[in-house]
Amino acid sequence: MVDELYSEFRLGLYQLTILVEQAAKEESVAQEGQNTSVPEIHDPSKIGLKVLHDCPDATVDICFIHGLTGDRESDWTAEGQSMPWPQTLLPSKVEDARILSYGYRITLTETHGPSFQYHSMNLLVSLADDRSACDATYRPLIFVAHGAGGLLIKQALRLNDSGRIFEYIKGIMFLGTPHRGFWVADWAKLPAAVLGLVTGTSMSLLQMLQVPSEELVFNQDQFLRFVKKRRHEGCGVKIASFCEGLRLHGGEMIVSQDAASFEGACHVIPADHKNMVKFSSPEDYGFTQILKVLTEWISTLQYSTATRLLPRIDE
């Protein structure tokens, strides 16, 4: 009960912070008499965890975490579509899965609004509370993360690698996540329109994504320690990496194959960084490749569970 109240308090405080920040920016612009429009603030209702597809008898939870270019729904929604593909295309392919999506927002500076670390902690609290409410605390969990969403997971692991959530992580899929930094070293030279980044993106986060980055290297080292620890305990975590195959608007490759590769392996999706996670048809190449990995992981989990439930025969 205390944990639930604390979680609600933190999320409420976060949403209040966003509203206060919005009001402060509007007041600042008004006082300066400028005609510059106030940067668009993400809808607070899209912050936190949302169930895209419920399954009462689910054997696995799949949680999607978006990148810098969208929110928990728009990042996964293809042009011309009204809903994200994890909600429209995926449920019929993984019938035993409950599908969730986590939303967060990075502000212009760490002194205004929640930091990247806060979102990592909020991810932990939100998932723990949701799974507890559904009596699914011990259910296997798979993450699918786009871009900086993968860094969010790593940050969360770094903060709490022995918590009640990560003991049940069975797979993490990175889609265009820079494990070794973004290929583009000087973000200032890239127009915001080309990047498609929201104006509120944290400059400290962009600096962390440059090449080289001590913070990024440290997060990667900590993540490798987590993976090795789980494997040593006999609870291996499946890892899959995907990278973009096209330059964004014919310009730069945002995350190179080398940066997106984990342990030397990486699947290429023939799309740019933004569109590599947007699908409108079950025949889309990227969707088929992601689905292939997910179904393999889930089949392995189901086989492992069935094996444990077999009666023992005493010799």
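Residues numbered from 1 in each chain as written. Predicted model: local features only at pLDDT ≥ 70, side-chain atom pairs only at ≥ 80, totals over all residues. Heavy atoms only, no water.

Side note on the packing of aromatic side chains
Inspection of the entire model under this criterion finds 8 aromatic pairs. Seen from their ring centres, Tyr-102 and Tyr-104 are 6.5 Å apart, and the 20° between their planes marks the pair as stacked. For Tyr-102, a relative accessible area of 0% gives the class buried. These aromatic residues form a ring-pair network of at least three members: Phe-64, Trp-76, Trp-85, Phe-279 and Phe-287. The positively charged end of Lys-154 is found above the aromatic ring belonging to Phe-174, 5.6 Å away from the centroid. (Phe/Tyr/Trp six-rings, centres within 6.5 Å; stacked < 30°, edge-to-face > 60°. Buried < 20%, exposed > 50% of the residue type's maximum accessible area, 1.4 Å probe, protein only. Lys NZ or Arg CZ within 6 Å of the ring centre and 35° of its normal.)

Concerning helix 3 (residues 116-133)
Across its 18 residues, helix 3 extends 26 Å between first and last C-alpha, which sits within 8% of the 26 Å expected from 1.5 Å per residue. Of all 18 residues making up helix 3, 14 are buried, and the element is well covered by its neighbours. Remark: Asp-135 follows helix 3 within two positions and exhibits a positive phi of approximately 55°. (Helix = DSSP H or I, 4+ residues; strand = E, 2+ residues; numbered from the N terminus. Expected span 1.5 Å × (residues − 1).)

Section: the pairing of strand 3 (residues 97-103)
Within strand 3, 7 of the 7 residues are buried, which leaves it mostly tucked inside the rest of the structure. Note: strand 1 (residues 48-53) against strand 3, 5 bridges, orientation antiparallel. The partner of Lys-50 across the bridge, within strand 3, is Ser-101. Bridge count between strand 2 (residues 60-65) and strand 3: 6 bridges; the pairing is parallel. Bridge pairing in strand 3 links Val-60 to Ala-97. (Pairing = 2+ DSSP bridges.)

What to know about the nonpolar core
Residues Trp-85, Leu-90, Met-173, Leu-175, Phe-242 and Ile-290 are the most contacted members of the largest nonpolar core, which totals 30 residues. With 8 residues, helix 9 (residues 285-309) is the largest single contributor of residues to this core. Filtering out sequence-adjacent residues up to four positions away, Trp-85 remains in contact with Phe-64, Trp-76, Leu-90, Val-277, Lys-278, Phe-279, Phe-287 and Ile-290. By size, the runner-up hydrophobic cluster in this structure holds 29 residues, among which are Ala-148, Leu-151, Phe-223 and Val-227. (Core = buried A, V, L, I, M, F, W, Y, C linked by side-chain atoms within 4.5 Å. Contact = heavy atoms within 4.5 Å.)

Brief notes about the sheet that holds strand 2
Read from one edge of the open sheet, 7 strands run 1-3-2-4-5-6-7, paired in mixed fashion. Each edge of the open sheet is held by one strand with a lone partner, namely strand 1 and strand 7 (267-269). The average undirected angle you get between the axes of adjacent strands in this sheet is 20°. Packed onto the sheet, helix 3 meets strand 1, strand 2, strand 3 and strand 4 (141-146) and runs at close to 150° relative to strand 3. Here helix 4 (residues 148-159) sits on the sheet in contact with strand 2, strand 3, strand 4 and strand 5 (169-175), set at roughly 135° to strand 4. (Axes fitted to C-alpha atoms, helices over the stretch in contact; angles between N-to-C directions.)

A look at helix 4
Because an α-helix packs 3.6 residues into every turn, residues spaced three or four apart end up facing the same way. The end-to-end C-alpha distance of helix 4 is 17 Å, a good match for the 16 Å that 12 residues give at a rise of 1.5 Å each. Across the 12 residues that make up helix 4, a large majority, 10, are buried. Within the sequence span of helix 4, burial applies to Ala-148, Gly-149, Gly-150, Leu-151, Leu-152, Ile-153, Lys-154, Gln-155, Ala-156 and Leu-157.

A look at unusual backbone geometry
One non-glycine residue, Asp-135, lies in positive phi territory at about 55°. Considering the arrangement of structural elements, one finds Asp-135 in the loop between helix 3 and strand 4.

Observations regarding the packing of helix 3 against helix 4
The interhelical angle for the contact between helix 3 and helix 4, taken along N-to-C directions, is 75°, at an axis separation of 8 Å. When the interaxial angle is binned, helix 3 and helix 4 end up roughly perpendicular. Mapping the contact onto sequence places Phe-116, Gln-117, His-119, Ser-120, Met-121, Leu-123 and Leu-124 in helix 3 and Ala-148, Leu-151, Leu-152, Gln-155, Ala-156 and Leu-159 in helix 4. Among the residues forming the contact of helix 3 with helix 4, the class breakdown is 9 nonpolar, 4 polar and no charged. (Parallel < 35°, antiparallel > 145°, perpendicular 65-115°, else oblique. Nonpolar A, V, L, I, M, F, W, Y, C, P; charged D, E, K, R; others polar.)

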